[in-house]
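Listed below are the residues making up each chain.
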Amino acid sequence: MTRMTSIAPFVLAMTAVVAASNYLVQFPFAHFGLEEILTWGAFTYPVAFLVNDLTNRRFGPLAARKVVLAGFVLAVALSIWLATPRIAIASGSAFLAAQFFDVAVFDRLRKNAWWQAPFVSTVLGSMLDTVLFFSIAFAGAFAGLDALFGMEDGSLAFPVAFLGWQVPLWVSLAVGDFAVKIGVGLVMLAPYGALLSVLKPVPAAR
């Protein structure tokens, strides 16, 4: 069984990535006219999938789930302080679902070409994460979460122009977020591939 001390660096990395992303998602990427499509959190969150996949490769799916759970608890606690309760709830729900899904997909594909498991699991996990997070955090249907904590409605449900259509701002942000996650996921294949010879699988830990 993998000891917590062995996966501690992965837990800390996961916590830092998710907490930072929950804080940065509150700030639009106000460059190149993308403030209604993108937030800064889109650039940092995909690193969570890299941490998850490296843990999975090194120690196996059981250890990866431990990192997800530990990172979840610490990150949500920090997110309540750095963001809002509603964002923390959205992040926690999306994080658990997407990262556990990532673990399952990665483990199923681990024997394929080296890039397939991390890329496919990241794409599918990012899709699930984006839908859950942005709908819970910013859709008008979940405004009751803000009211529950006595806070002002943080929904981003007002319409904006998007590809010739009018869509709620949170939908526009979700699409932009997902596109960046895929782009960053592709970039993350480079450090993943570079670390393959360093983080070799530990059969006893699986």
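Draft legend 1. Summary view of the packing of helix H3 (residues 47-59) against helix H5 (residues 85-109). Across the interface, H3 lies against H5 with an axial gap of 10 Å and an inter-helix angle of 45°. The orientation of H3 relative to H5 falls into the category oblique. For the crossing formed where H3 meets H5, the hand is right-handed. In contact with Ala-48, Phe-49, Asn-52, Asp-53, Asn-56 and Arg-57 of H3, H5 contributes Ala-98, Gln-99, Asp-102, Val-103, Phe-106 and Asp-107. Its residues assigned to classes, the contact of H3 with H5 shows five nonpolar, three polar and four charged.

Draft legend 2. Examining the pairing of strand E1 (residues 159-162) more closely. The alternating pattern of E1 places Val-160 and Phe-162 on a buried face and Pro-159 and Ala-161 on a face that is not buried. Here E1 runs beside strand E2 (residues 165-168); their pairing, made up of four bridges, is antiparallel. In the strand pairing of E2, Ala-161 is matched with Gln-166. Joining the antiparallel neighbours E1 and E2 is a turn of two residues, in which Leu-163 adopts a positive phi near 55°.

Draft legend 3. Representation of the side chain of Arg-86 within the structure. Residue placement: Arg-86 occurs in helix H5. For Arg-86, a relative accessible area of 2% corresponds to the buried category. Here Ile-136 takes part through its backbone oxygen, which lies 2.9 Å from a polar atom of the side chain of Arg-86. Here the side chain of Arg-86 touches Asp-146 through a polar contact of 2.7 Å, side chain to side chain. With residues near it in sequence (within four places) discarded, Arg-86 still touches Ser-135, Ile-136, Ala-137, Phe-138, Ala-139, Phe-142, Ala-143, Leu-145, Asp-146, Asp-153, Gly-154 and Ser-155.

Draft legend 4. Geometry of empty space enclosed by the protein. Taken as a whole, this structure holds two cavities of 30 Å³ or more when the rule is applied. Of the pockets and cavities examined, the largest cavity occupies roughly 110 Å³. What lines the largest cavity is a set of 13 residues, and nearest its centre among them are Asn-22, Val-25, Tyr-45, Asp-129 and Phe-133. Secondary-structure elements contributing two or more residues to the lining of the largest cavity are helix H1 (4-24), helix H2 (41-44), H5, helix H6 (116-138) and helix H8 (169-195).

Draft legend 5. Structural context of H8. Given a rise of 1.5 Å per residue, 27 residues ought to cover 39 Å, and the 38 Å separating the end C-alpha atoms of H8 matches this to within 8%. Where H8 bends most, the angle comes to about 25°, and this point is Val-187, followed within four residues by the proline Pro-191.

Draft legend 6. Region of interest: the packing of aromatic side chains. On inspection of all chains with the given rule, the structure shows ten aromatic pairs. Aromatic pair Phe-10 and Phe-59: ring centres 5.9 Å apart, planes at 90°, arrangement edge-to-face. Of this pair, Phe-10 sits in helix H1 while Phe-59 sits in helix H3, placing them 49 residues apart in sequence. Relative accessible area serves as the criterion here: at 14%, Phe-10 is assigned to the buried category.

Parameters and conventions
Residues numbered from 1 in each chain as written. Predicted model: local features only at pLDDT ≥ 70, side-chain atom pairs only at ≥ 80, totals over all residues. Heavy atoms only, no water. Axes fitted to C-alpha atoms, helices over the stretch in contact; angles between N-to-C directions. Helix = DSSP H or I, 4+ residues; strand = E, 2+ residues; numbered from the N terminus. Parallel < 35°, antiparallel > 145°, perpendicular 65-115°, else oblique. Left-handed = near helix turned anticlockwise from the far one by under 90°. Contact = heavy atoms within 4.5 Å. Nonpolar A, V, L, I, M, F, W, Y, C, P; charged D, E, K, R; others polar. Buried < 20%, exposed > 50% of the residue type's maximum accessible area, 1.4 Å probe, protein only. Pairing = 2+ DSSP bridges. Polar contact = N/O pair within 3.5 Å; in protein donor to acceptor, adjacent residues only side chain to side chain. 1 Å grid on protein atoms, 1.4 Å probe; cavity = no way out; pocket = protein on both sides within 12 Å on 5 of 7 lines; lining within 4 Å. Points joined across faces, edges and corners; volume = space filled by probe spheres on them. Expected span 1.5 Å × (residues − 1). Bend = angle between axes of the 7 residues up to and from the residue. Phe/Tyr/Trp six-rings, centres within 6.5 Å; stacked < 30°, edge-to-face > 60°.

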